[in-house]
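Working through the structure, step by step
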Amino acid sequence: MKACFTFFRMRLINGLQYRTAAWAGIITQFFWGFMEILLYRAFYEATPDRFPMAFDQLISYIWLRQGLLALLNTWTFENELFAMILGGNVAYELCRPASLYGMWFSRTLALRLSRVILRCIPLFVITALLPAPWGLNAPASPLAFACFVVSLALAACVGVAFCLILYFSCFYTLSSEGVRQILLPVAELLSGGLIPLPFLPQWLERLSFFSPFGAMANAPLRIYSGNLAGNAMVEMLGLQVFWLLVLGAAGYLLQRRGMRKLCVQGG
């Protein structure tokens, strides 16, 4: 555990050095979010009663998604870890007196946190100061905010556990590109990264809700905005815990099984 925390701290400190990239990301995400809001605004003005989310809930969802993008997206990876497996340098990792799964989980989580820490606070401050209805709204209630914090932590861990499954799948393939090209667009759609899940067809929305992808970005963003409340919110928190355990166990078993057949050539 101490070794994993050390890896986490070192990777976090290293990621916090890239301040110029963070400011570029803030500007990009602000204008992207604003354009997205303008697009939805046009549709809401035409038929406001035809949409499954109130407009103020949608605004909060969009700004939160932009601010927490680096933490909750499905496509932020440590490309160095893919290269380690495919190039054979994973042998050096196996020499360390720590769990490979724990080390890589810590590294990936620290990478995401370092990127979101530098970006989210300025973006949230700016958007909170925007006039209604363009700005980030306050949480639906103190309870919703508390549940949002818990859900956000769970969503980040579920996302990292999903990443580790893709890392360890390279033990069984010659390249990670095929799996990533097929799976990541699906994951981004079903996690609410492209549009909120309530905007999907009802059958697909229910399927996504109970899938591991619904336990990612979808959960904390809808809890904060008040779109998920009451029994539905409690159910989602339970699903997040369930999928974290399932994906974590699947990734760990995939790693252990891959280790038995791993052959590193060279000298």
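Time to look at the overall build of the chain. Of regular secondary structure, the chain possesses 12 helices and zero strands. Reading the secondary structure of the chain in the N-to-C direction produces α-α-α-α-α-α-α-α-α-α-α-α. Relative to the globule expectation of 18 Å for 267 residues, the C-alpha radius of gyration of the chain, 19 Å, shows essentially globular dimensions. Per-residue burial over the chain gives 50% buried out of 267 residues. Long-range pairs, those at least 24 residues apart, make up 81% of the contacts in the chain between residues at least 6 apart in sequence. Here the chain displays about 13400 Å² of accessible surface, and carbon together with sulfur accounts for 68% of that area. If you average the places of the 19 positive and of the 11 negative side-chain charges in the chain, the two averages end up 12 Å apart.

All right, on to the packing of aromatic side chains then. Any pair of aromatic rings gets described here by the distance separating the centres and the angle formed by the planes. For the structure shown, the criterion picks out 18 aromatic pairs. Ring centres of F162 and F213 lie 5.8 Å apart, and the angle between their planes is 85°; on these two criteria the pair is classed as edge-to-face. In this pair, F162 is assigned in helix α8 (residues 142–169) and F213 in the loop between α10 (202–210) and α11 (218–225), connecting sequence segments 51 residues apart. Each member of the pair, F162 together with F213, is buried.

This paragraph deals with the nonpolar core. Ranked by internal contacts, the top residues of the largest apolar core, which has 74 residues, are L64, L68, L72, W104, F162, L164 and Y167. Looking at this core, the element that brings in the most residues is α8, giving 14 residues. Filtering out sequence-adjacent residues up to four positions away, Y167 remains in contact with F77, E78, L81, F82, I85, W104 and T108.

A few words on the state of the cysteines. Cysteine pairs can be covalently joined through their sulfur atoms, and such a bond is termed a disulfide. Counted under the stated rule, the structure contains zero disulfides. Considering cysteine sulfurs only, C157 is the nearest to C147, which forms no disulfide, with 17 Å between them. Looking at the unpaired C163, the closest cysteine sulfur is the one in C157, lying at 12 Å. Given the relative accessible area of 0%, C163 is considered buried.

The rules behind the values
Residues numbered from 1 in each chain as written. Predicted model: local features only at pLDDT ≥ 70, side-chain atom pairs only at ≥ 80, totals over all residues. Heavy atoms only, no water. Helix = DSSP H or I, 4+ residues; strand = E, 2+ residues; numbered from the N terminus. Rg over C-alpha atoms; globule rule 2.2 N^0.38 Å. Buried < 20%, exposed > 50% of the residue type's maximum accessible area, 1.4 Å probe, protein only. Contact = heavy atoms within 4.5 Å. Areas by Shrake-Rupley, 256 points an atom, 1.4 Å probe, with all protein chains shown as cover. Lys, Arg positive; Asp, Glu negative; His and termini not counted. Charge placed at Lys NZ, Arg CZ, Asp CG, Glu CD. Phe/Tyr/Trp six-rings, centres within 6.5 Å; stacked < 30°, edge-to-face > 60°. Core = buried A, V, L, I, M, F, W, Y, C linked by side-chain atoms within 4.5 Å. Disulfide = S-S within 2.5 Å.

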